[in-house]
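Summary of structural features
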Amino acid sequence: SQELEQSPQSLIVQEGKNLTINCTSSKTLYGLYWYKQKYGEGLIFLMMLQKGGEEKSHEKITAKLDEKKQQSSLHITASQPSHAGIYLCGAGPFTGNQFYFGTGTSLTVIP
Amino acid sequence: DAMVIQNPRYQVTQFGKPVTLSCSQTLNHNVMYWYQQKSSQAPKLLFHYYDKDFNNEADTPDNFQSRRPNTSFCFLDIRSPGLGDAAMYLCATSRDRDRVYEQYFGPGTRLTVT
């Protein structure tokens, strides 16, 4: 089975600091998704990466997929309390058991 | 603007009492998914519908069933909930499958079993 490992498992940062979350697969990823989940709520789609070397940004969040399509990173610049939550990476396509979620990274931003 | 709606947001049921969770979508997507997410764990896919075609994950218990009467609605039926079924249940949709499409999630229904 394909597994996605996320690191770190949890992260506590001071407001304004930059941070990076990593998602690693032992196999080549067909598509890589990043989601954010606030505690007790549903998942919010952040970004989707498909091509090796692809990089996407939305506001202060940047996601990259490496050339080998086995590792992705999510970088937050100048973190804010609103960034707090659980970040999940997922690998698709969404066909039966071909889709997996990573274990998640819990982010706390201290004002 | 709501795209994937789940009702109710919170559901309490008794041990062994059948319960149905509801999901509706305004996106006209072909695929609808049900995930189970237990505390501090990643979501786990239970099954999905590709149009009217039902696809069950191999390790999804028989206790869990689903219905999709039309494109917009999909239901999750738990025939005899056990204490271990307490979890957040997430519904999601995507335009298609087998390719990389954005997946939209609903807010989830938190199920408590007493």
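Scope of this entry: the structure provided in the associated data block. All of these numbers come straight from a predicted model, not from anything done at the bench.

A word on the overall build of chain B. Counting its secondary structure elements, chain B contains 0 helices and 11 strands. In sequence order, chain B lays out its α and β elements as β-β-β-β-β-β-β-β-β-β-β. The C-alpha radius of gyration of chain B comes to 13 Å, within 12% of the 13 Å expected for a compact globule of 114 residues. Referenced to the eigenvectors of the C-alpha coordinate spread, the extents of chain B come out at roughly 40 × 30 × 30 Å. Residue pairs in contact within chain B that sit at least 24 positions apart in sequence constitute 57% of those at least 6 positions apart. Within the structure as shown, chain B displays about 5600 Å² of accessible surface, and the carbon and sulfur contribution to it stands at 46%. Of the side-chain charges in chain B, 12 are positive and 11 negative, and the distance between the mean point of each set is 5 Å.

Residue and element names in this part refer to chain A. Going residue by residue along strand 3 (residues 19-25), you find Leu19, Ile21, Cys23 and Ser25 tucked away on one face and Thr20, Asn22 and Thr24 left uncovered on the opposite face. In the sheet, strand 1 (residues 4-7) pairs with strand 3 via 4 bridges, with the strands oriented antiparallel. Following the sheet pairing, Ser7 is matched in strand 3 by Asn22. Inspection of the sheet shows strand 3 paired to strand 8 (residues 71-76) by 6 bridges, in the antiparallel sense. Its bridge partner being in strand 8, Leu19 is matched across the sheet by Ile76.

Summed over the entire model, instances satisfying the criterion amount to 13 aromatic pairs over all chains. Joined through ring pairs, the aromatic side chains of Tyr33, Tyr35, Phe45 and Phe101 of chain A together with Tyr33, Tyr35 and Phe105 of chain B make up one cluster.

With that settled, consider the sheet that holds strand 3 (residues 19-25) of chain B. All names here are of chain B. Read from one edge to the other, the open sheet built from 4 strands follows the order 1-3-8-7, with strand pairing classed as antiparallel. Edge positions in the open sheet fall to strand 1 (4-7) and strand 7 (64-67), since each of these has one partner strand only. Taking each pair of neighbouring strands and ignoring which way they run, the sheet shows an average axis angle of 20°. Sheet topology places strand 7 next to strand 8 (residues 73-78); 4 bridges connect them, and they run antiparallel. Residue pairing across strands places Ser66 opposite Leu76, the latter belonging to strand 8.

Reading the values: rules and limits
- Residues numbered from 1 in each chain as written.
- Chains lettered and ligands numbered in written order.
- Predicted model: local features only at pLDDT ≥ 70, side-chain atom pairs only at ≥ 80, totals over all residues.
- Heavy atoms only, no water.
- Helix = DSSP H or I, 4+ residues; strand = E, 2+ residues; numbered from the N terminus.
- Rg over C-alpha atoms; globule rule 2.2 N^0.38 Å.
- Contact = heavy atoms within 4.5 Å.
- Areas by Shrake-Rupley, 256 points an atom, 1.4 Å probe, with all protein chains shown as cover.
- Lys, Arg positive; Asp, Glu negative; His and termini not counted.
- Charge placed at Lys NZ, Arg CZ, Asp CG, Glu CD.
- Buried < 20%, exposed > 50% of the residue type's maximum accessible area, 1.4 Å probe, protein only.
- Pairing = 2+ DSSP bridges.
- Phe/Tyr/Trp six-rings, centres within 6.5 Å; stacked < 30°, edge-to-face > 60°.
- Axes fitted to C-alpha atoms, helices over the stretch in contact; angles between N-to-C directions.

Taken by themselves, the reported measurements are silent on function.
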